[in-house]
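Residue-level listing of the chains:
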Amino acid sequence: MTVQKLTNRYHMASISLHWLMLALFIAVYASIELRVLFEKGTELRETMKNLHFMFGLLIFFLVWLRLAMRIIYPAPRIEPAPPPWQALSAKLAHVMLYVLMIGMPLAGWLMLSAAGKPIPFFGLELPALIGKNKELAGQIKEVHELVGTIGYYLIGMHAAAALFHHYIKRDSTLRAMLPKASV
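Here the focus is the overall build of the protein chain. What the protein chain contains, in helices and strands, is four helices and two strands. Start at the N end of the protein chain and walk to the C end: the helices and strands fall as α-α-α-β-β-α. If you line up the protein chain on its principal axes, its C-alpha atoms span 55 × 35 × 30 Å. Considering only contacts within the protein chain whose residues lie at least 6 apart along the sequence, 72% involve residues at least 24 apart.

On to the environment of Asn50, then. Locating Asn50 in the fold gives a position in helix H2 (residues 43-72). A residue is classified by how much of its surface remains accessible, and Asn50, at 29% relative accessible area, is partly exposed. Along the sequence, Asn50 and Phe121 sit 71 residues apart, while their C-alpha atoms lie 8.3 Å from each other.

For the rest of this paragraph, the subject is the pattern of salt bridges. Evaluation of the coordinates by the stated rule reveals one salt bridge. Taking the shortest distance from any N to any O, the salt bridge between Glu46 and Lys49 comes out at 3.2 Å. Of this pair, Glu46 and Lys49 both sit in helix H2, separated by three residues, roughly a single helical turn. Residue Glu46 is classed as partly exposed on the basis of its relative accessible area of 33%.

This paragraph deals with unusual backbone geometry. Looking along the chain, the bond that leaves Glu79 and enters Pro80 is cis, with omega of -10°. Relative to the elements of secondary structure, Pro80 occurs in the loop between H2 and helix H3 (84-115). In this structure, Phe122 is a non-glycine residue whose phi angle is positive, near 45°. Mapping Phe122 onto the fold places it in the loop between strand E1 (119-121) and strand E2 (124-126). If you check the backbone angles, Arg170 has positive phi at about 55° while not being a glycine.

The subject of this paragraph is the packing of H3 against helix H4 (residues 134-169). Any two packed helices are characterised by the angle at which their axes cross and by the distance between the axes. It is the contact of H3 with H4, at a shortest axis distance of 8 Å, that shows an interaxial angle of 150°. Taken together, H3 and H4 sit at an angle that is classed as roughly antiparallel. Crossing of H3 against H4: the hand is left-handed. A class-by-class count of the residues in the contact of H3 with H4 yields 17 nonpolar, eight polar and three charged.

Further remarks concern the nonpolar core. In terms of nonpolar packing, the biggest core is built from 17 residues, with Met21, Phe25, Ile59 and Met101 touching the most fellow members. Mapped onto this core, the elements with two or more residues apiece are helix H1 (12-34), H2 and H3. Per-element tally for this core: the top contributor is H1, with six residues. The residues contacting Ile59, other than those within four sequence positions of it, are Met21, Leu24, Phe25, Val28, Met101 and Pro105. Within the second largest apolar cluster, eight residues are counted, among which are Phe53, Leu57, Leu112 and Phe121.

With 30 residues, H2 should reach 44 Å at 1.5 Å per residue; the first-to-last C-alpha distance of 43 Å fits that figure. Leu62 marks the point of greatest bend in H2, at about 25°.

Of note, Leu62 is situated in helix H2. Using a relative accessible area of 18% as the deciding quantity, one classes Leu62 as buried. Taking the C-alpha atoms as reference, Leu62 lies 22 Å from Thr149; in sequence the two are 87 residues apart. What Leu62 contacts, discounting residues up to four positions off in sequence, is Leu17, Leu20, Met21 and Leu24.

Parameters and conventions
- Residues numbered from 1 in each chain as written.
- Predicted model: local features only at pLDDT ≥ 70, side-chain atom pairs only at ≥ 80, totals over all residues.
- Heavy atoms only, no water.
- Helix = DSSP H or I, 4+ residues; strand = E, 2+ residues; numbered from the N terminus.
- Contact = heavy atoms within 4.5 Å.
- Buried < 20%, exposed > 50% of the residue type's maximum accessible area, 1.4 Å probe, protein only.
- Salt bridge = Lys/Arg side-chain N within 4 Å of Asp/Glu carboxyl O.
- Axes fitted to C-alpha atoms, helices over the stretch in contact; angles between N-to-C directions.
- Parallel < 35°, antiparallel > 145°, perpendicular 65-115°, else oblique.
- Left-handed = near helix turned anticlockwise from the far one by under 90°.
- Nonpolar A, V, L, I, M, F, W, Y, C, P; charged D, E, K, R; others polar.
- Core = buried A, V, L, I, M, F, W, Y, C linked by side-chain atoms within 4.5 Å.
- Expected span 1.5 Å × (residues − 1).
- Bend = angle between axes of the 7 residues up to and from the residue.

The following block contains the structure:
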C-alpha cells in the first residue's frame, strides 16, 4: 500500500537518498582507486581501504531505507510515457543497481570475514558473517572486483540514460529526480 498519490516528482526523501547514494558510490569507488597512490602497508593506504569498506556498508544499510521509500512512495509517471521496451529496460537497470547496492557491500563484508580481518564501520567493528577461509576470501575478492568493474558501466549507463531522456527525449525522467530548486 502506498501513502502518496502519484505525482510528477519523486518524494523529497527518495530524491535525497538517490543523490546521497550517488555521493557514496563516488566515495566508494574513489577511495579504492586512490589507495594505490599510497604505499602498501602505510596508514594512508589502510585509511583509504577502511573508507571503502565503511562507505560500502553505509550503502548496504541505506539501500533498505531506499527500497522502503520506493514501496511507500512509488515512482512518478514519465511524461510523455516511454515505449514499453524502454520502461522494461529501466526496470531491469534499476533491479541491477539494487543488486549492486546490496550484493557488493555484502560480498565485501563476507570477504573481510573470510580473510579474518576486522569489519570497520565508523568506530564500530561489525561481526564476521562467516569463519576464516583464505581461499574463499580470494574467490570472493575476484568476484567483488569483477562486479565492481561492471558497476562502473551500470552507473554510467544509468547516468547516460537520464541525460538521454532529459536532452534528447525531453521527457520528465530526470526532472522528477532533481531537487525542486533545479526543476
